[in-house]
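Here is what each chain is made of, one letter per residue.
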There are 2 protein chains.
Amino acid sequence: MYQIGELAKKLSVTTDTLRYYEKHGLLKPSARSATGYRLYNDSNLRSLQFIISAKKCGFTLKDIQELLSIQVDKGSHSCHDVKSFTEHKLQQVDEKISELIAIQSSLKKLIQACDGGDKSAANCSILTTLEDDDGITH
Amino acid sequence: MYQIGELAKKLSVTTDTLRYYEKHGLLKPSARSATGYRLYNDSNLRSLQFIISAKKCGFTLKDIQELLSIQVDKGSHSCHDVKSFTEHKLQQVDEKISELIAIQSSLKKLIQACDGGDKSAANCSILTTLEDDDGITH
DNA sequence: TTACACCTTAGAGTTAGGTCCAAGGTCAAT
DNA sequence: ATTGACCTTGGACCTAACTCTAAGGTGTAA
Ligand SMILES: [Zn+2]
Ligand SMILES: [Zn+2]
Ligand SMILES: [Zn+2]
Ligand SMILES: [Zn+2]
């Protein structure tokens, strides 16, 4: 059994984060001491690893809640469910990447058009393009 | 001169947004009517176009404030300043894209490893990989 | 027993960029 | 004179995921 600070240190999160996860239904300590201290067991530890791992994979805490509920009741869910969920997430990530690539391309165009000299910015093509609005397509 | 609603409609933003921009030092109407209505001129209109345009290019409102202050005092800034600023922004966007691509790759690996069948999720490789933590490198 | 590190709670604050609301004033048309 | 569309303000609320504070209880070692 771990106290909150032990578990936090073990997996490099803060105690605040653990209390936050509990409050939001992601990780409930398996017990409390007589004096009210949170006590976590190894199953809790693995759940926290799951949460951290899933976060790194781009899942939000809300997503993770859903994944955990599937995990808890594995019997009534299929591989198909989990895969669909993950594919949907991938699609969201794909969309974000597309948006950022469009922005990247706009910025590159701005940078290419500007000579970057030490002369006054009065005629800087970056500023004038932004002023003129449709200088860049989006 | 435009009232707030006119300008908002013209550039497809809300009046709330215009008041928000004013409050945050981005766009101050050139005048007020005798009864306190905000009045915007064509220079204000162009500034708003600038803001919208820069936002589309991935600049935050804080960035845009800085760009506007350069724009207002073009004389004491060089092309070089503006270009550096934009390059720095591009670098931030590049970093975000890299992070997302790492996430994308993790998700793809998860999806590939899961057969997606209608059988129970008890042995779903997505769930077990997330449980095992280091199943995916980050 | 006193110091000190640990733990508890409720609740406020953070960031970014708005969005919404209430209570009320203004303007044009009927 | 009364609609109804417009405008004003201050301030609360929203998302996401924490982060911090205050005020206090607990555990252990010197
Ligand atoms: Zn992962
Ligand atoms: Zn330039
Ligand atoms: Zn642009
Ligand atoms: Zn599976």
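Before reading on, note that the structure itself is shown above.
Our subject in this report is the structure included herewith. (Residues numbered from 1 in each chain as written. Chains lettered and ligands numbered in written order. Predicted model: local features only at pLDDT ≥ 70, side-chain atom pairs only at ≥ 80, totals over all residues. Heavy atoms only, no water.)

**Structural notes on the protein's contact with DNA strand D**
Right, on to step 1. The full set close to DNA strand D counts 17 residues, and A:Y20, A:Y21, A:Y37, B:G5 and B:R38 are the nearest of them.
Right, on to step 2. Those atoms of DNA strand D that come within 4 Å of the protein belong to sugar or phosphate at a rate of 70%.
Right, on to step 3. For DNA strand D, a phosphate oxygen lies 2.8 Å from a polar atom in the side chain of A:Y21.
Right, on to step 4. Between DNA strand D and B:G5, the relevant distance is 2.6 Å, taken from a phosphate oxygen to a main-chain nitrogen or oxygen of the residue.
Right, on to step 5. Within the residue set of the surface near DNA strand D, elements represented by two or more residues are helix 2 (15–23) of chain A together with helix 1 (4–10) of chain B.
Right, on to step 6. With four residues, the top contributor of residues to the surface near DNA strand D is helix 2 of chain A.
Right, on to step 7. When the residues that make up the surface near DNA strand D are grouped by side-chain class, the tally is six nonpolar, six polar and five charged. (Near = heavy atom within 4 Å. Polar contact = N/O pair within 3.5 Å; in protein donor to acceptor, adjacent residues only side chain to side chain. Helix = DSSP H or I, 4+ residues; strand = E, 2+ residues; numbered from the N terminus. Nonpolar A, V, L, I, M, F, W, Y, C, P; charged D, E, K, R; others polar.)

**Some details on the coordination of the zinc ion (ligand 4)**
Right, on to step 1. Within the protein, A:C79 (SG), B:C114 (SG) and B:C124 (SG) serve as the donor atoms for the zinc ion (ligand 4), at 2.2 to 2.3 Å. Here B:C124 lies in the loop between helix 5 (79–113) and helix 6 (125–131) and B:C114 lies in the loop between helix 5 and helix 6, a separation of 10 residues in the sequence. Comparing B:C114 with B:C124, the two get one shared label, buried. (Donors = N, O, S within 2.8 Å, 3.2 Å for Na, K, Ca; no water. Buried < 20%, exposed > 50% of the residue type's maximum accessible area, 1.4 Å probe, protein only.)

**What to know about the protein's contact with DNA strand C**
Right, on to step 1. In the vicinity of DNA strand C, 17 residues are found, and the nearest of them are A:G5, A:R38, B:Y20, B:Y21 and B:Y37.
Right, on to step 2. A distance of 2.6 Å separates a phosphate oxygen of DNA strand C from a polar side-chain atom of A:R38.
Right, on to step 3. Among the secondary structure elements, those contributing two or more residues to the surface near DNA strand C are helix 1 (4–10) of chain A together with helix 2 (15–23) of chain B.
Right, on to step 4. If one sorts the elements of the surface near DNA strand C by residue count, helix 2 of chain B sits on top with four residues.
Right, on to step 5. Taken together, the residues of the surface near DNA strand C sort by class into six nonpolar, six polar and five charged.

**Considerations on the pattern of salt bridges**
Right, on to step 1. With the rule as written, the count across this model stands at 10 salt bridges over all chains.
Right, on to step 2. A salt bridge links A:E22 to A:R38; the shortest N-O distance between them is 2.5 Å. One end of the pair, A:E22, is in helix 2; the other, A:R38, is in strand 2 (residues 38–39), with 16 residues separating them in the sequence.
Right, on to step 3. A salt bridge links B:D63 to B:K89, with the nearest nitrogen and oxygen atoms 2.7 Å apart. Of this pair, B:D63 sits in helix 4 (residues 61–72) while B:K89 sits in helix 5, and the two are 26 residues apart along the sequence.
Right, on to step 4. When its relative accessible area of 14% is taken as the criterion, B:D63 is described as buried.
Right, on to step 5. If you follow the salt bridges from partner to partner, you end up with A:E22, A:R32 and A:R38 in one network. (Salt bridge = Lys/Arg side-chain N within 4 Å of Asp/Glu carboxyl O.)

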